[in-house]
Amino acid sequence: MIGLTSKQIAAEIEAFSARLTQGSRTLSRLGDIESGVSPRDAIYQEDKLTLYRYQPRVENPHPVPLLIVYALVNRPYMMDLQEDRSMIRGLLNAGLDVYLIDWGYPDASDRTLTLADYIYRYMDRCVDILSERHGVDTINLLGVCQGGALSLCFAALYPEKIRNLVTMVTPVDFNTPDNILSHLIRYIDVDLLVDTFGNLPGQMLNFAFLSLSPFRLAGQKYVDLTDVFDDIQALKNFLRMEKWIFDSPDQAGEAFRQFAKDFFQQNKLIKGEVVIGDQRVDLHEVAMPVLNVYATQDHLVPPAASKALADCCGSQDYSEFSFQGGHIGIYVSARAQREVPPAIAKWLLAR
Amino acid sequence: MTEQTSTSGPSTFDAGLALKQARAYLAFGEQIRQFTDRMSETINDQTDKGEALHPYFAEIKAAITRSAENPNINPELAQFWLLIAETWCETAASLGMGTEAISDELRQSEAWRSYQSTQSEYLSLLEGAARDALDRMEQRLNELANTGKTITSLRELYNLWVDCNEETYGQMLRKPTYAAINGQLINSLLRCYQRQDTSS
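Computed from a predicted structure; not experimentally measured.

### Side note on the nonpolar core
Taken as a class, soluble globular proteins show a tendency for nonpolar side chains to be buried jointly.
Item 1. The biggest cluster of nonpolar side chains holds 174 residues, and the ones touching the most others in it are A:Leu67, A:Trp103, A:Met168, A:Val286, A:Tyr331 and A:Ile344.
Item 2. For this core, the element with the most residues is helix H6 (residues 110–146) of chain B, which contributes 11 residues.
Item 3. Beyond its immediate sequence surroundings of up to four residues, A:Tyr331 is in contact with A:Met78, A:Met79, A:Met87, A:Val144, A:Cys145, A:Met168, A:Val169, A:Ala336 and A:Gln337.

Below you can see the structure in the form of structure tokens.
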């Protein structure tokens, strides 16, 4: 039971207060927090989009470029957070030539952007630029989370342009019983939301994610922070992650409307009923080799939501990679650095 | 053109949020300290500790119910279980729908009344989850007592409290009732926006 005395508690409270005081001093002399550590060059820009090439880390990188398509939600520097937590660094070290689409921060002028704009215009342009730049007909595509769903659409609509497809923590079946986001969005009037705000405000996304685990994410985490107040490196790591968590771009209104209604509420992707522009997305057209990477403890994209791809894509060369961890751990945990980039690279280099 | 690593100062960190939670933890400690003081007065070696603990948990649960009706009655206690409701209000305020910012016309409208009413339903759900968490915590402490284990630090007790709240909150979150009320909460707030826009 509770073996605590009033005196012990008072001492613990006093020690905690002292750490808080020390922490505010440490914070004030912490200096800049770097996020995004691998050198990269912007090779193309259009509207808010920037296409980056990461500087290769081997003399002769693989001739087929790898394009990473991150989600529209949150910022892609999660893939390259810090020296010892960088999925991109791992892919570069394995000899891949890595590019990434940074969607930027949509503003009011982007409210009419649709998924068709993102796929037919932005993604297609980036893919063509890379094909031309490298003198190849097809490139490798790695879609992350929502970016994976967009990549599946792209690969189904333009199978001739994609050599290999890697999907990472990507929802395909949005109606699995354990899909908490689909459960929560079910009763939200998406039309009212988009018609009211134009773009979906990033603050609402922050609230949605915090509300999944408020006692840990908005409470305990900050209490635990006092334990690392005397460790500059650990404190910087915390702040870097904290910055990423709250760095939520607004979502272009029309694209959000379609994604929320067609993917989340009506689960049309797996049913083959998503229509982008005037073309239906048939996942059976995804006939290129596919590596589906999912996380066993993913609370946002449950494994079943990702693994559904096995039964609905047209690839004869479909593989899965199961990572023992969660939706964030798959990017930043020490184990992820050891396991995920080498597995992706090995799979790609063999094809 | 090679891009340099992007940087940001520690000022981007919401120190206010962290400090608020640290203060909440201190308040938690103070409540537990008072609680252990009173426990030590009433418990002796022959007392069944599980039974002795029960009235205190019942008392906290009653206090939660009172703080649901008026968070100012026991703000230290209210700030624990109202955490997410407060975050929701801050989100609404950051979007221009704080209670101070709304027009009198909106305040008197059906849209605002509907939003307030949904907020009450939302709070009731949170209150239920918070009370369930206390039941769970009491049960866990009794289980610990039966195995002869004891909690020996305030942090350990706080972590147990967090675990219990996450469990009961998570169960609530997955119920259709919660999804419906959460949806209504957002939809009713949006109708307030539309009303405010129309009248401005």
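### A closer look at unusual backbone geometry
Residue and element names in this part refer to chain A.
Item 1. Positive phi, normally seen in glycine, also occurs at Cys145, with a value near 55°.
Item 2. If you trace the backbone, Cys145 turns up in the loop between strand S8 (139–144) and helix H4 (146–157).
Item 3. Of note, Val169 is a non-glycine position whose phi angle comes to about 35°, a positive value.
Item 4. One can find Val169 in the loop between strand S9 (162–168) and helix H5 (180–185).

### What about the packing of aromatic side chains?
Item 1. According to the stated counting rule, one finds 20 aromatic pairs over all chains in the structure shown.
Item 2. Taking the centre distance of 4.5 Å and the plane angle of 55° together, the rings of A:Phe16 and B:Tyr25 count as tilted. One end of the pair, A:Phe16, is in helix H1 (residues 6–28); the other, B:Tyr25, is in helix H1 (residues 15–42), on a second chain. For the pair A:Phe16 and B:Tyr25, a shared accessibility class is recorded, and that class is buried.
Item 3. Where A:Phe215 meets B:Tyr169, the ring centres are 5.9 Å apart and the plane angle is 80°; that geometry is what we call edge-to-face. Taken together, the positions of A:Phe215 in helix H8 (residues 214–225) and B:Tyr169 in helix H7 (residues 154–173) put the pair across two chains. As far as the burial class goes, A:Phe215 and B:Tyr169 line up, both buried.
Item 4. Site record: aromatic cluster; members linked through ring pairs are A:Phe16, A:Phe215, B:Tyr25, B:Tyr158, B:Trp161 and B:Tyr169.
Item 5. Across the ring face of A:Tyr52, the terminal group of A:Arg40 is positioned such that the distance to the ring centre comes to 3.6 Å.

Calculation rules
- Residues numbered from 1 in each chain as written.
- Chains lettered and ligands numbered in written order.
- Predicted model: local features only at pLDDT ≥ 70, side-chain atom pairs only at ≥ 80, totals over all residues.
- Heavy atoms only, no water.
- Core = buried A, V, L, I, M, F, W, Y, C linked by side-chain atoms within 4.5 Å.
- Buried < 20%, exposed > 50% of the residue type's maximum accessible area, 1.4 Å probe, protein only.
- Helix = DSSP H or I, 4+ residues; strand = E, 2+ residues; numbered from the N terminus.
- Contact = heavy atoms within 4.5 Å.
- Phe/Tyr/Trp six-rings, centres within 6.5 Å; stacked < 30°, edge-to-face > 60°.
- Lys NZ or Arg CZ within 6 Å of the ring centre and 35° of its normal.

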